[in-house]
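Here are the chains, one letter per residue:
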Amino acid sequence: MKCVIQRVRRASVTVGDELVSEIETGLLILAGVEKGDTEQTMRDAAKKIRELRIFADDAGKMNRDVIEAGGAILAVSQFTLAGSIARGRRPSFDNAEEPERARTMFELFVGELASTGIAVKTGRFREMMIVSLENDGPVTFVWNS
């Protein structure tokens, strides 16, 4: 699994003309499920993200997690993160998980994030989405399982 984790002031997902999800302060997670990822992979990713202390405390240091910051999470499945651009000019998606298994794993990941009481919203799986965000910092991290 690969995740791009962005601290945001706000983020939203639109499908067509419909606003599907939006959050204010929190994290935008772009998540790509790869072949070989397991339920444990999803639990590990969710735990890592839940516990990341990337929000400023009163002294301005990154010392608070998303719950302490009063934030929410917008999780968006993005299979292109499993792509490779190492060879040629066209991406290879050989390492991307098959759609139905990827959906199951992504739903497990979202459930794990929500299990501690964090407000978690999502995009729409296998839809063309417009993801808008206002990155705070900017603060962006990449996590690989």
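Preceding this section is the structure that the text describes.
Residues numbered from 1 in each chain as written. Predicted model: local features only at pLDDT ≥ 70, side-chain atom pairs only at ≥ 80, totals over all residues. Heavy atoms only, no water.

Trainee: What is the right way to look at the pattern of salt bridges in this model?
Mentor: Oppositely charged side chains may form a pair once their charged atoms are brought near each other. Using the criterion set out here, one finds 11 salt bridges in the structure. One salt bridge in this structure joins Glu134 and Arg9, with 3.8 Å as the shortest N-O distance. Of the two residues, Glu134 is situated in strand 8 (residues 130–144) and Arg9 in strand 1 (residues 2–15); the sequence distance between them amounts to 125 residues. Arg9 gets classed as partly exposed once you look at its relative accessible area, which sits at 47%. A salt bridge links Arg124 to Glu18; its shortest N-O distance comes to 2.7 Å. Placement of Arg124 in the loop between strand 7 (120–122) and strand 8 and of Glu18 in strand 2 (residues 18–23) is noted, with a sequence separation of 106 residues between them. (Salt bridge = Lys/Arg side-chain N within 4 Å of Asp/Glu carboxyl O. Helix = DSSP H or I, 4+ residues; strand = E, 2+ residues; numbered from the N terminus. Buried < 20%, exposed > 50% of the residue type's maximum accessible area, 1.4 Å probe, protein only.)

Trainee: Sorry, what's going on with the packing of helix 1 (residues 39–51) against helix 2 (residues 99–114) here?
Mentor: Where helix 1 contacts helix 2, the two axes come as close as 8 Å, and the packing angle between them is 35°. The way helix 1 lies across helix 2 gives a crossing that is right-handed. Mapping the contact onto sequence places Glu39, Met42, Arg43, Ala45, Ala46, Ile49 and Arg50 in helix 1 and Met105, Leu108, Phe109, Glu112 and Leu113 in helix 2. For the contact of helix 1 with helix 2, a count of residues per class yields 8 nonpolar, no polar and 4 charged. (Axes fitted to C-alpha atoms, helices over the stretch in contact; angles between N-to-C directions. Left-handed = near helix turned anticlockwise from the far one by under 90°. Contact = heavy atoms within 4.5 Å. Nonpolar A, V, L, I, M, F, W, Y, C, P; charged D, E, K, R; others polar.)

Trainee: Where do I start with helix 1 in this structure?
Mentor: Side chains of residues three or four places apart in an α-helix project in the same direction, reflecting 3.6 residues per turn. Relative to the 18 Å expected for 13 residues at 1.5 Å per residue, helix 1 spans 18 Å between its end C-alpha atoms, a close match to the ideal helical length. By the burial criterion, the buried members of helix 1 are Thr41, Met42, Ala45, Ala46, Ile49 and Arg50. Within helix 1, the buried residues cover an arc of 160° as seen down the axis, which keeps them to one side. Each element contacted by the buried residues of helix 1 is listed here: strand 1, strand 3 (26–32), strand 6 (72–77), helix 2 and strand 8. In this structure Thr38 caps helix 1, since a side-chain oxygen of it lies 3.2 Å from the backbone nitrogen of Gln40. (Expected span 1.5 Å × (residues − 1). Arc of directions from axis to C-beta. Polar contact = N/O pair within 3.5 Å; in protein donor to acceptor, adjacent residues only side chain to side chain.)

Trainee: Honestly, the pairing of strand 6 in this entry has me stumped. Any pointers?
Mentor: Within a regular strand, the side chains alternate between the two sheet faces. Burial runs high along strand 6: 6 of the 6 residues are buried. Neither face of strand 6 is open: one carries Ala72, Leu74 and Val76, the other Ile73, Ala75 and Ser77, and all of them are buried. Two strands pair when backbone bridges link them, and strand 3 and strand 6 are joined in this way by 6 bridges, in the parallel orientation. Note that in strand 6 the partner of Gly26 across the bridge is Ala72. (Pairing = 2+ DSSP bridges.)

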